Amino acid sequence: RCRCKSPIMNGSRTNGPGFEWPPKGDAMNLLYYSHTKSGIHEQLMGTIETIVPGERIEAYRSINGLFERLHQPRRNLRVAVLAPVSKEELLTLHSVQELLNDLLIILILPDRDDRTLKKGLSLYPRFIGYADEHFLDLAAVLGKMITRRF
């Protein structure tokens with residue numbers, strides 16, 4: 001099969017600008033967390049779905065559901081997009097940092113406070129965005145993560 005970007009040439013599904021799905025080898029899944037009450041959920045999920053097909057997204061809207069999933073085998077889970085809605089929720093994520101160590105993290109912070117950023121950096125994310133901005137950079141970073149298969 002041709003590995004070119006055109007879905008016509010290789011029969012694959014293309015999501016977003018030039019990103020091929022599935023990537024080479026085993027398909028990977030993406031873990032997504034955003035609280036039910038999050039105002040950014042629709043925009044963020046829409047951005048993610050331009051890159052990753054919905055059936056490859058494991059979405060969690062409760063912190064307890066996320067924690068349960070993190071205690072299960074990872075299989076093809078490689079990337080996590082985490083969007084805590086408050087500093088308290090970010091601290092809760094920090095409490096299970098060891099469960100996130102083997103995932104590539106994209107973190108969307110709830111505010112631009114220096115203390116929030118410092119706590120967010122301690123999760124060792126590959127990319128940090130903010131809830132009050134557009135997610136175009138996130139889409140580019142996520143696309144590279146998938147095509148490079150980190």
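Reference entry: report on the structure contained in this document. Within each chain, residue numbers correspond to sequence positions counted from 1 in written order. Given that this is a predicted model, residues contribute local features only at a pLDDT of at least 70 and side-chain atom pairs are listed and counted only at 80 or more, while totals for whole chains, interfaces and linings are drawn from all residues. The side-chain quantities take in all heavy atoms of the structure and omit both hydrogens and water.

Secondary structure follows DSSP: runs of H or I at least 4 residues long count as helices, runs of E at least 2 residues long count as strands, and numbering of each begins at the N terminus. Scanning the protein from terminus to terminus reveals seven helices and seven strands. In the protein, the succession of α and β elements from N to C terminus is α-β-β-β-α-β-α-β-α-α-β-α-β-α. Only heavy atoms matter for contacts: two residues are in contact if any of them lie within 4.5 Å across the pair. Of all intrachain contacts in the protein linking residues separated by at least 6 positions in sequence, the fraction that spans at least 24 positions is 65%. Only the protein chains shown count as covering a residue, and every accessible area follows the Shrake-Rupley method with a 1.4 Å probe. Accessible area for the protein stands at about 8000 Å²; split by element, carbon and sulfur atoms hold 52% of it.

Take the packing of aromatic side chains next. Centres within 6.5 Å make a pair out of two Phe, Tyr or Trp rings, where for Trp the six-membered ring is used; the pair is then stacked when the planes are under 30 degrees apart, edge-to-face when over 60, and tilted otherwise. Throughout the structure, instances matching the rule amount to zero aromatic pairs. Here, over-ring charges are defined by two tests on the NZ atom of lysine or the CZ atom of arginine: distance to the ring centre within 6 Å, and angle to the ring normal within 35 degrees. The residue whose ring lies beneath Arg112 is Tyr130, and the NZ or CZ to ring-centre distance is 4.2 Å.

Relative to the assigned elements, Asn29 resides in strand β3 (residues 29-34). For every residue, the accessible area (1.4 Å probe, protein chains only) is compared with the maximum for its type, and the residue is labelled buried under 20%, exposed over 50%, or partly exposed between those bounds. For Asn29, a relative accessible area of 16% puts it in the buried group. There is a polar contact of 3.5 Å between the side chain of Asn29 and the side chain of Glu58. If sequence neighbours within four positions are ignored, Asn29 has contacts with Arg56, Glu58, Asn76, Leu77, Arg78 and Val79. Pairs of N or O atoms within 3.5 Å make up the polar contacts considered here, provided that, within protein, one atom can donate a hydrogen while the other can accept it, and that residues adjacent in sequence are counted only when both atoms are side-chain atoms.

Before going further, it helps to spend a moment on the environment of Ile57. Tracing the chain through its elements places Ile57 in strand β4 (residues 57-60). Distance in space between the C-alpha atoms of Ile57 and Val79 is 9.8 Å, their sequence separation being 22 residues. What Ile57 contacts, discounting residues up to four positions off in sequence, is Leu30, Tyr32, Met45, Ile48, Glu49 and Val52.

At least two DSSP bridges between two strands are required for those strands to pair. Here we have five strands laid out as an open sheet, ordered β4-β3-β5-β6-β7, and parallel in their pairing. Every interior strand has two partners, whereas the edge strands, β4 and β7 (127-130), have only one. Recorded for the sheet is a direction-independent mean angle of 15° between the axes of neighbouring strands. Pairing geometry for β3 and β4, over four bridges, is parallel. Each residue of the ladder has a partner; that of Leu31, found in β4, is Glu58. Sheet strands in contact with helix α3 (residues 63-70) are β3, β4 and β5 (77-83), and its direction is about 155° off that of β3. Lines fitted to C-alpha atoms define the axes, with helix axes restricted to the stretch in contact, and inter-axis angles between N-to-C directions lie between 0 and 180 degrees.

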